[in-house]
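# Structure assessment
One letter stands for each residue in the lines below.
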Number of protein chains: 2
Amino acid sequence: MNNTTLKEISTVLGLSISTVSRALKNHPDIAEKTKQRVTELATTLDYEPNANAIQLRTSKSNVFGLVVPFISNFFYHSFISSVEEESRRNNYSLMILQSGDDPFVEITNLKLCRQNRISGLFACISTQTTHVEAYLKLKELDIPVIFFDKVPDVGNCNKVCVADEASATMAATAILEKKKKKVLAIFGNNNLLITRKRLSAFTKTIDNKINLLIHHANNAEEAEALTLASLSQNPDTVFCMSDEILTGAMKAIQKSALKVPGDISVIAISNGFIPKLYYPEITYVETSGYKLGKLAFTSMMACLAGSTFMHELTTESILVEGGSI
Amino acid sequence: MNNTTLKEISTVLGLSISTVSRALKNHPDIAEKTKQRVTELATTLDYEPNANAIQLRTSKSNVFGLVVPFISNFFYHSFISSVEEESRRNNYSLMILQSGDDPFVEITNLKLCRQNRISGLFACISTQTTHVEAYLKLKELDIPVIFFDKVPDVGNCNKVCVADEASATMAATAILEKKKKKVLAIFGNNNLLITRKRLSAFTKTIDNKINLLIHHANNAEEAEALTLASLSQNPDTVFCMSDEILTGAMKAIQKSALKVPGDISVIAISNGFIPKLYYPEITYVETSGYKLGKLAFTSMMACLAGSTFMHELTTESILVEGGSI
DNA sequence: ACCATTGTCGCAAACGTTTGCGGCAAATTT
DNA sequence: AAATTTGCCGCAAACGTTTGCGACAATGGT
């Protein structure tokens, strides 16, 4: 069976297509009785407008694109969930694409977005993205692009980020206040801007006041091995830059049968899900993907409303006490 | 700036629109030289076909819908990720909608799918879905619907599921083989088919051979409280029907400072992510969202290829030893 | 020299909407 | 009674494609 069209409704009712169209949109030109007849038949026939035809006619697609390296990630999860929620509420659909951190796939995904004539794009670039041009092309076409989390290192773009420096500073401050003496600090890949930001703010706050062991890990396994190896130096605290690192570190701590916070303290920067899996819950500085999603969305709506002002926004972070320090 | 169209290319080259269209699709009617000129100009002009116009003309949208209660969920994550991967590989896009377990939103999402004239739908129904009619309407429109995970309790639909009975049986068997004597078994909401399936298979396999404490929990907090309360009865093993329940149970075990598996054994049915967070890693029966996604996709492609045969498929489960039992 | 074939290309309709404009009858004002 | 306004509706073009069909020239075969 085929979908009902305006034409079908119009022929059944002996009206013109335009009258039916206007009746369904409650246009003042149409008589009340006619509107009633039309809407009635439309519902019994289960009429649903063809979004493609509408976009073709109006060149308004009401679809947002969202490109991201991986969907399966604690942080992106909540971000996506948040954006999806807002989109639906504002009558937009979401097209979600993942690149798998492959620049070639990333390009393909952008093509797909363009082919679907998206109204706007939320983008988190892959680790090795050098080709920002494909994104800039969208801007040429007057399609707003909101970069989030991992943003390109060039100016003149809209960016929303979690407060990297502030978060790291907050964690470092908490460590100092607790009078810790020797901290094992594990950071991520140093190629990422996010890592460098957090690292510099963290070390700057610690400021050589206490002993600092700094390491970099690319994934949970590396973080676990690293923690295990460093435990011989008897740090009294472990700081983890991210959730993934935290899972690795905790694995090592459990393996070594150390008590938290008795034997060793733990503090992390996190989205909030992982820290609550342990007992005692891990104290963490929250960088909420959910909040970031909301921020990105309002930023997008501002662009669509005509704001050409480029902005860089950050969400506020808060310290969530869990009892691990 | 506007997007390039076939018409623009055609006027620049002094050709007709149809010739340009055919040239870009490598139609045999068109001379090689012409094809070259066209493709060349198309790339310099960054031509991207308008997907909406194509859908309108061909009534083929190449977009799949995917509706799910929540995106932020261990299991759905990997499922979505898997489907997205396959979709892209086969030149389809994915429209992902979440219902928040709200039947009203669920209906709205289905409307959205219909408006976008999706080629097929992957659906996981919300907990209280009673209105399967909206889904059946899609079938009337010859749009294939593949239900996954939480499937409706009616026949004549395509369903792909993890092997609920087999998984529960496998876990129960493992418990029996380890000569355990007293098992605390925590299941989810009994309204869900998935719960009832797992529960009946589990109890059937245990078959009163050993002591069984059965409880139901709707979320992690309930699971934690429940475990904490039941510990006084000294079970030697905890079985968790799902990841969410596992996180609650583990919280209680850590809180009680019990050693795994020395003081108490743990076994679960899981997607695999959560069990690996602990040390020792939790032994679990794997129900892979990734595999289920692949299965769902092949099922979808079969439908699109014309298969009208309704099927119920299940993925195989495997026991992953972790050292917690 | 003629006819048939082959190689290239354009015409025009169609997909389902939206919307400016104009038409016509009834109602209202002069 | 004539002129104007108002209420209601239809015509037709346009959005960007695809595709059956026909047109025309060049080529080949007799």
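This text gives an overview of the structure that appears in the document. (Residues numbered from 1 in each chain as written. Chains lettered and ligands numbered in written order. Predicted model: local features only at pLDDT ≥ 70, side-chain atom pairs only at ≥ 80, totals over all residues. Heavy atoms only, no water.)

Attention shifts here to the protein's contact with DNA strand C. As a matter of local geometry, DNA strand C sits amid 27 residues, with Ser21(A), Arg22(A), Arg57(A), Thr19(B) and Arg22(B) nearest to it. Among all atoms of DNA strand C positioned within 4 Å of the protein, those belonging to sugar or phosphate total 55%. Here Tyr47(A) contributes a side-chain N or O atom positioned 2.8 Å from a phosphate oxygen of DNA strand C. Mapped onto the surface near DNA strand C, the elements with two or more residues apiece are α1 (6–13), α2 (17–24) and α4 (51–58) of chain A together with α2 (17–24) and α4 (51–58) of chain B. (Near = heavy atom within 4 Å. Polar contact = N/O pair within 3.5 Å; in protein donor to acceptor, adjacent residues only side chain to side chain. Helix = DSSP H or I, 4+ residues; strand = E, 2+ residues; numbered from the N terminus.)

Before going further, it helps to spend a moment on empty space enclosed by the protein. Applying the stated rule across the entire model yields one cavity of 30 Å³ or more. Of the volumes computed, that of the largest cavity is approximately 190 Å³. Forming the walls of the largest cavity are 14 residues, and the residues nearest its centre are Asn52(A), Val63(A), Asn116(A), Asn52(B) and Asn116(B). Grouping the amino acids of the lining of the largest cavity by side-chain chemistry returns six nonpolar, eight polar and no charged. (1 Å grid on protein atoms, 1.4 Å probe; cavity = no way out; pocket = protein on both sides within 12 Å on 5 of 7 lines; lining within 4 Å. Points joined across faces, edges and corners; volume = space filled by probe spheres on them. Nonpolar A, V, L, I, M, F, W, Y, C, P; charged D, E, K, R; others polar.)

Mapping chain A onto chain B calls for a rotation angle of 180° and an axial translation of 0.1 Å; the resulting RMSD is 0.2 Å. Expressed as an axis order, the relation between the two copies is that of a two-fold axis. (Least-squares fit on C-alpha atoms with pLDDT ≥ 70 in both.)

If you trace the backbone, Thr237(B) turns up in strand β8 (residues 237–240). Discounting residues that sit within four places of it in the chain, Thr237(B) has contacts with Ile175(B), Lys180(B), Lys182(B), Val183(B), Leu184(B), Ile264(B), Ser265(B), Ile267(B) and Ile325(B). (Contact = heavy atoms within 4.5 Å.)

The next point concerns the interface of chain A and chain B. Accessible area lost on assembly of the parts is the figure often given for the size of an interface. If you look at the interface, chain A gives 54 residues, while chain B gives 54 residues. Summed over both partners, the interface of chain A with chain B buries about 5,300 Å², with 51% contributed by carbon and sulfur atoms. Connecting chain A to chain B are eight salt bridges. A salt bridge links Lys137(B) to Asp46(A); the nearest nitrogen and oxygen atoms lie 3.7 Å apart. Here chain A is connected to chain B by 27 residue pairs in polar contact (both at pLDDT 80 or more). Secondary structure elements with two or more residues in the side of chain A that touches chain B: α4, α5 (74–89), β2 (93–98), α6 (103–115), α7 (133–140) and α11 (243–255) of chain A. (Buried area = accessible area lost by both parts, 1.4 Å probe. Salt bridge = Lys/Arg side-chain N within 4 Å of Asp/Glu carboxyl O.)

Residue and element names in this part refer to chain A. With respect to the helices and strands, the residue Val 68 is situated in strand β1 (residues 63–68). Separated by 51 residues in sequence, Val 68 and Ser 119 have C-alpha atoms that sit 17 Å apart. The residues contacting Val 68, other than those within four sequence positions of it, are Tyr 76, Leu 97, Gln 98, Ser 99, Cys 124 and Phe 148.

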